[in-house]
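Listed below, chain by chain, are the residues.
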Amino acid sequence: MTTPDPDGLLADTRAFNVELDRRLATIPAVNTVPPEDSRRARREGRGIFPAPVYVPEARVVEIEGHGGRIALRIIAPECEPRGAFLHVHGGGWTLGESDGQDLRLQRLARDTGLTVVSVNYRLAPENPYPAGPDDCEAAALWLLGDEGHAAVGVEGPRAIGGDSAGAQLAACTLLRLRDRQGITGAFGAAVLQYGGFDLSMCPSQRLWGERNFVLSTPIIAWFADQFLPGRSPEQRRDPDVSPLYADLSEMPPAIFTVGTADPLLDDTLFMEARWRAAGHATELRIWPEAPHGFISLPMTVADAALAAEHDFLIRTLGFDGPP
């Protein structure tokens, strides 16, 4: 559903979008520079996203994956943990790190009482598919196992989620657990923020055009080429990379978040509809004129969206209320 605007969020969003357009015009589009340049710019706060602020209480554990060691960043709540949340960061499978959103994940832990475990999966183009999905699957299996239980220190319910490419990886992780490991029901909720669920490009991706508003049609195509080099559109409909085409039976309840000014709008609309048609409880939050990536931008609408997601987790995981 399109989220109502009782607090005047739309006016703030429109004002921010004007500034966002201005800032985007002053920096090179991500598909025109080497990935390492964009990674460095993000860490230094040169661009549209604020520089990372690190939570000193966060700790890192390393686990063994198919391609070597995988770092997991753990942020615990201030209260006694009530469960765990496996987080997968976005960045077009090419950018981002698990320590790039500490403040947002600290808020999730504080609001819900869940210990957050963020996966530092391998990035393309240095490590194309299936490296990233393999790392996320390994992290999920670790969290569900005895070692993960001991390291996180909680036996409560689990949830999973991510933004953009992270939402795609979170959905694919659930499918891999079901299809490769025979595991269903281990994660009681999913939080899927403006994911790219169709890597062969859904209509809103194709129709967006050249305008760089965090994403554009050429930028989306470039990200997919880094992750899936040499694969045809039909090959990119493999459910292991485009979960929109998967059998979605035995998935957990999910909340889907997207803005109407996002080239990936259709991905969320179509995925939520298929998730719901498979018999699962869903919530669809469509935020008017919010751009791609808005959860990570200093926007009032981001606060409202996060509050809605954290409330969903509390209700869906069966907690009595906030911690």
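Turning our attention to the overall build of the chain. In terms of regular secondary structure, the chain is built from 10 helices and 8 strands. Whereas a compact globule of 323 residues would reach a radius of gyration of roughly 20 Å, the chain reaches 18 Å, a difference of no more than 12%. If you line up the chain on its principal axes, its C-alpha atoms span 50 × 45 × 40 Å. Counting across all 323 residues of the chain, residues that qualify as buried make up 56%. By sequence separation, contacts in the chain at least 24 residues apart represent 77% of the contacts at least 6 residues apart. A total accessible area of about 12700 Å² is found for the chain, and carbon and sulfur atoms account for 53% of it.

Before going further, it helps to spend a moment on the sheet that holds strand β5 (residues 158-163). Strand order across the open sheet formed by 8 strands is β1-β2-β4-β3-β5-β6-β7-β8, with mixed pairing between neighbours. This sheet does not close on itself; its edge strands, each paired only once, are β1 (59-65) and β8 (282-291). Averaged over all pairs of adjacent strands, the angle between their axes in this sheet comes to 20°, without regard to strand direction. Pairing between strand β7 (residues 254-261) and β8: 7 bridges, direction parallel. Paired with valine 258 across the bridge in β8 is isoleucine 286.

What follows concerns the pairing of strand β2 (residues 68-75). Of the strand pairs in this sheet, β1 and β2 are connected by 7 bridges, and their pairing is antiparallel. The residue of β2 that forms the bridge with glutamate 62 is alanine 71. Here β1 hands over to β2 after 2 residues, the two strands then running antiparallel side by side. Here β2 runs beside strand β4 (residues 114-120); their pairing, made up of 5 bridges, is antiparallel. In the sheet register, isoleucine 75 faces β4, and the bridge partner there is valine 116.

Glancing now at the packing of aromatic side chains. Throughout the structure, instances matching the rule amount to 6 aromatic pairs. Seen from their ring centres, phenylalanine 197 and phenylalanine 256 are 6.5 Å apart, and the 75° between their planes marks the pair as edge-to-face. Placement of the pair is phenylalanine 197 in the loop between β6 (187-193) and α7 (203-208) and phenylalanine 256 in strand β7, with a sequence separation of 59 residues. Residue class for phenylalanine 197 comes out buried when judged on its relative accessible area of 0%. Overall, phenylalanine 256 belongs to the buried group, its relative accessible area being 0%.

By the element assignment, arginine 236 lies in the loop between α8 (217-227) and β7. Residue classification places arginine 236 among the buried positions, given a relative accessible area of 10%. At 3.1 Å, the side chain of arginine 236 and the backbone oxygen of leucine 228 are in polar contact. Of the polar contacts made by the side chain of arginine 236, one reaches the backbone oxygen of arginine 231; its length is 3.0 Å.

Here the focus is helix α4 (residues 131-144). With 14 residues, α4 extends 20 Å between its outermost C-alpha atoms, agreeing within 8% with the 20 Å of an ideal straight helix rising 1.5 Å per residue. Counted residue by residue, α4 has 12 buried out of 14 residues, so it is predominantly covered. Of the positions making up α4, those classed as buried are Ala131, Gly132, Pro133, Asp134, Asp135, Cys136, Glu137, Ala138, Ala139, Ala140, Trp142 and Leu143.

In this structure the tally under the stated criterion is 28 salt bridges. Salt-bridge contacts for aspartate 134 lead to arginine 176; the nearest nitrogen and oxygen are separated by 2.7 Å. On the criterion of sequence distance, the pair formed by aspartate 134 in helix α4 and arginine 176 in helix α6 (residues 165-181) is long-range, its members being 42 residues apart. This pair shows no difference in class: aspartate 134 is buried, exactly as arginine 176 is. With its nearest N and O atoms 3.7 Å apart, the salt bridge here joins arginine 285 to glutamate 283.

Conventions we followed
Residues numbered from 1 in each chain as written. Predicted model: local features only at pLDDT ≥ 70, side-chain atom pairs only at ≥ 80, totals over all residues. Heavy atoms only, no water. Helix = DSSP H or I, 4+ residues; strand = E, 2+ residues; numbered from the N terminus. Rg over C-alpha atoms; globule rule 2.2 N^0.38 Å. Buried < 20%, exposed > 50% of the residue type's maximum accessible area, 1.4 Å probe, protein only. Contact = heavy atoms within 4.5 Å. Areas by Shrake-Rupley, 256 points an atom, 1.4 Å probe, with all protein chains shown as cover. Pairing = 2+ DSSP bridges. Axes fitted to C-alpha atoms, helices over the stretch in contact; angles between N-to-C directions. Phe/Tyr/Trp six-rings, centres within 6.5 Å; stacked < 30°, edge-to-face > 60°. Polar contact = N/O pair within 3.5 Å; in protein donor to acceptor, adjacent residues only side chain to side chain. Expected span 1.5 Å × (residues − 1). Salt bridge = Lys/Arg side-chain N within 4 Å of Asp/Glu carboxyl O.

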